[in-house]
Amino acid sequence: MSESTSYHGQPLIKEPIWTWEIPCYFFTGGLAGGSAGLAYLSQLRGNEVLARRAWTGATVGIGMSPLFLISDLGRPMRFLNMLRMFKVSSPMSVGSWILSASGASTTLAALNAWTGRFPRSARFARPAAALLGLPLSTYTAALVANTAVPVWHEARRMLPFVFGSGAALSAGAAAVIATPPEHAAPARRLALASAALELASNEVMKKQLGEHGEPYQRGAPSKFSHLTQALIVSGAGLLLRRGQSSRGAAIAAGSMLCAGALSARWTVFKAGFQSASDPKYVVEPQRRMIERGERRGASRRVSQVREVQLDKGSPATAPLPLSGS
Amino acid sequence: MSPQLETVAWPASYGEHAQPRMGFFTDTSVCIGCKACEVACKEWNQIPMSMQGFTGKSYDNTIDLGADTWRHVAFIEQKAPARVVEKLPTDVTDGASLVDCAARAQAVEGGVQTYQESDGFRWLMASDVCKHCTHAACLDACPTGALFRTEYGTVVVQEDVCNGCGYCVPACPFGVLDQREGDGRVWKCTLCYDRLKDDKEPACAQACPTNSIQFGELSELHERAEHRLARLQQAGQDKAQLYLADGDDGIGGAGAFFLLLDEPEVYGLPPDPVDTRRDLGEIWAAAGAAAVALGIGLAAAVFGGQR
Ligand code: SF4
């Protein structure tokens, strides 16, 4: 498509105004959500050592999340306005409620896991935290998909699975770091399986995106995408070979995998900016859909009136009366 | 397709307080690029300065809509052969002989020739604004309820509620909203909500010397627009088109719609804008399925092997 079909090369939609805090939150939210589930299930299985550490991971994640989110607001003092309503039409509103409830239940469960206090409320808080952690890990994908940014919106079916894999990866990797290897078998299984899923789901997403996926092939998203792959592949390799025998290797591998999960969120984040900033990513797919007859577009050349009346619709001859006057 | 007037919240939620849905019909064929609308909007709404300096992009030094530009006049320079108005409607020429220049003079007077053409060159000028969508993505995305639908069916940000989360910014399919620097909140056209309440027309419409910006009840504006389109088409402006005038486009039609002389993307407008809410069911379903899958995955990892 030639230059002339954009307006002086200007973007048609706005880039998000979100800054570095948001991809960090995608990571910490996923870490919290995945870890809460891992902790609860480990407790059910009787692996208290792993469970306690996973509860800690969940608490760290859920504790940092609101800090990132509030710091990103244009008016941080007004953060409580996020709970002014509950709107299903706004993933950000739904997410604010999930995050709040998740924060309360995770903190309680973690407190109980380490100190044994609040046993009765913890009985409810544990499964609640584990359950809420699941949507906490995937709603962020719904949030970015529910925009006009093509590379996010067109990935709307796959993106939650990408984010879900990332949440499992960070939870597994964090638990691998914090847990002595003899108690960390489930965490290793989780980290390895989700590392494979993270890489695979990313590829599926890019494939499904087709022409919309080009922003992943250039610039910052492409760099982050390569970094993600390198971190995840080497982290998983190390974990597989030495994670069981060496605490040091487990810590190194877990750190690489966590970094990989963060970098994966960063890739998606950056791709959105690239997709929004170039008008061709917005116009070309829309134009092609119209040309293929799949959509009618927003323009119409045929008037619904046949008889042309002189006194109607000519601004030069018929100034409009003010309303109400 | 007839225009859809009803929105989710208007008029139902206003009951007897609902006013007719008001809007803009921006007829770009008579825009002369004077920027009176930009200035009037800035003045009335006390919008901070947005100097871009000399951009080199024709006469456009405001470039796009944003927190500090709520009306934006676009300037497009096209190389095009001088258009001879051939197919003038007979009632315009009044039976006079179709000598070229006479026809042209007539056309200008009758308003079917645009002011934007000269020999070998064509100016397209258009005043852009928030579309006040029937299905407004910004409004649905807003988590605080700062964005709301007024009794006139327009879309307005309440600056005392907005906390600058920025979700509406990438949600809008037209890139209308943006965050104001040093302020943190988002701002956009209010369709002069304050003036409407006083039975005044919006500042831009009042300032527009050619009536390129027409304000009124949306239903009436639609009727005018259809006639205007018919006349321009009849006068040989075969690319003339109504943009966002129909209820079956991706945003359910707009409160501010346009008559364009070329394709929307030429003016920096998306040819097929879609309200993201349309796909939200699918989005929530995918997020739910992924959450379930995550739960199954966690359970498999914990229970599927040695403790
Ligand atoms: S044009 Fe953008 S800012 Fe205006 S109502 Fe529609 S979605 Fe909201």
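Residues numbered from 1 in each chain as written. Chains lettered and ligands numbered in written order. Predicted model: local features only at pLDDT ≥ 70, side-chain atom pairs only at ≥ 80, totals over all residues. Heavy atoms only, no water.

Trainee: Please provide a residue-by-residue account of the site of the ligand, values included.
Mentor: Lining the immediate environment of the ligand, one finds 14 residues, of which Cys130(B), Lys131(B), Cys133(B), Cys138(B) and Cys172(B) sit closest. Partitioning the shell around the ligand into residue classes produces 11 nonpolar, one polar and two charged. (Near = heavy atom within 4 Å. Nonpolar A, V, L, I, M, F, W, Y, C, P; charged D, E, K, R; others polar.)

Trainee: So what's going on with helix α10 (residues 279–291) of chain A? Which residues, and what values?
Mentor: Residues spaced three or four apart along an α-helix face the same direction, because each turn holds 3.6 residues. Residues and elements named next belong to chain A. The first and last C-alpha atoms of α10 sit 18 Å apart over 13 residues, in line with the 18 Å expected at 1.5 Å per residue. Those residues of α10 lying buried are Pro279, Tyr281, Val282, Val283, Glu284, Pro285, Gln286, Arg287 and Ile290. Those residues of α10 hidden inside the fold are in contact with α5 (150–153) and α9 (247–277). Just past α10, the residue Gly293 takes up positive phi, approximately 80°. (Helix = DSSP H or I, 4+ residues; strand = E, 2+ residues; numbered from the N terminus. Expected span 1.5 Å × (residues − 1). Buried < 20%, exposed > 50% of the residue type's maximum accessible area, 1.4 Å probe, protein only. Contact = heavy atoms within 4.5 Å.)

Trainee: Residues and numbers for the environment of Ile63(B), please.
Mentor: Structurally, the position occupied by Ile63(B) is in the loop between α1 (36–45) and β2 (71–78). By relative accessible area, which is 9% here, Ile63(B) ends up buried. Separated by 10 residues in the primary sequence, Ile63(B) and Val73(B) place their C-alpha atoms 8.1 Å from one another. Among all residues touching Ile63(B), those that are not within four sequence positions of it are Tyr7(A), Gln10(A), Gln52(B), Thr55(B), Lys57(B) and His72(B).

Trainee: Can you tell me about the pattern of salt bridges, naming the residues and giving the values?
Mentor: Going through the model one piece at a time under the given rule, you end up with 31 salt bridges over all chains. For Arg295(A), the salt bridge is made with Asp272(B), and the minimal N-O distance between the two is 2.5 Å. You can see Arg295(A) sitting in the loop between α10 and β1 (299–300) and its partner Asp272(B) sitting in the loop between β11 (256–260) and α9 (280–303), one on each of two chains. For the pair shown, Arg295(A) and Asp272(B) are each scored as buried. Close ionic contact of Arg301(A) with Glu263(B) constitutes a salt bridge, the shortest N to O distance being 2.5 Å. Taken together, the residues span two chains, with Arg301(A) in the segment after β1 and Glu263(B) in the loop between β11 and α9. With relative accessibility at 34%, the residue Arg301(A) sits in the partly exposed group. Relative accessible area serves as the criterion here: at 18%, Glu263(B) is assigned to the buried category. (Salt bridge = Lys/Arg side-chain N within 4 Å of Asp/Glu carboxyl O.)

Trainee: Go over the domain arrangement of chain B with me, naming the residues and quoting the values.
Mentor: The parts lose accessible area when they come together, and the size of an interface is often stated as this lost area. The assigned domain composition of chain B is domain 1 (12–80 + 120–267) and domain 2 (279–307). Each of domain 1 of chain B and domain 2 of chain B has a C-alpha centre, and the two are 43 Å apart. (Domains from an automatic or database assignment.)

Trainee: Can you break down unusual backbone geometry residue by residue, with the values?
Mentor: Note that the residue after Trp10(B), namely Pro11(B), is joined by a cis bond; omega there is 0°. Inspection of the secondary structure puts Pro11(B) in the segment before β1 (22–27). A positive phi is found at His8(A), a non-glycine position, where the angle reads about 50°. Position of His8(A) among the secondary structure elements: in the segment before α1 (21–45). A positive phi angle, near 45°, is found at His132(B), a position not held by glycine. Given a relative accessible area of 1%, His132(B) falls into the buried group.

Trainee: Tell me about a nonpolar patch on the surface, residues and numbers included.
Mentor: On the surface, a nonpolar cluster with roughly 570 Å² of combined accessible area is contributed by Phe79(A), Leu80(A), Leu83(A), Phe86(A), Val88(A) and Trp97(A). On the basis of relative accessible area, Phe79(A) is assigned to the partly exposed category, the value being 38%. (Patch = residues over 30% accessible without salt bridge, like charges linked within 9 Å, V, L, I, M, F, W, Y side chains within 5 Å. Areas by Shrake-Rupley, 256 points an atom, 1.4 Å probe, with all protein chains shown as cover.)

Trainee: Quick one: what's the story with the nonpolar core, residue by residue and with numbers?
Mentor: Ranked by internal contacts, the top residues of the largest apolar core, which has 73 residues, are Phe24(B), Leu244(B) and Tyr267(B). Residues contacting Leu244(B), with those up to four places away along its chain left out, are Ala298(A), Lys131(B), Phe174(B), Asp249(B), Ile251(B), Gly253(B), Ala254(B), Ala256(B), Phe257(B), Phe258(B) and Pro273(B). Core analysis: the second largest hydrophobic core is formed by 46 residues, Ile22(A), Trp152(A), Met158(A) and Ala137(B) among them. (Core = buried A, V, L, I, M, F, W, Y, C linked by side-chain atoms within 4.5 Å.)

Trainee: Quick rundown of the sheet that holds strand β9 (residues 213–217) of chain B? Include the residues and the values.
Mentor: What the five strands build is an open sheet, ordered β1(A)-β10(B)-β11(B)-β1(B)-β9(B); its pairing is mixed. Both edges of this open sheet fall to β1 of chain A together with β9 of chain B, since each of them pairs with a single strand only. Taken together, the four bridges between β1(B) and β11(B) define a ladder with parallel strand orientation. Within the sheet, the bridge partner assigned to Thr26(B) lies in β11(B) and is Phe258(B). Across the sheet, helix α8 (residues 218–234) of chain B is in contact with β1 of chain A together with β1, β9, β10 (241–243) and β11 of chain B; its angle to β9(B) comes to roughly 135°. (Pairing = 2+ DSSP bridges. Axes fitted to C-alpha atoms, helices over the stretch in contact; angles between N-to-C directions.)

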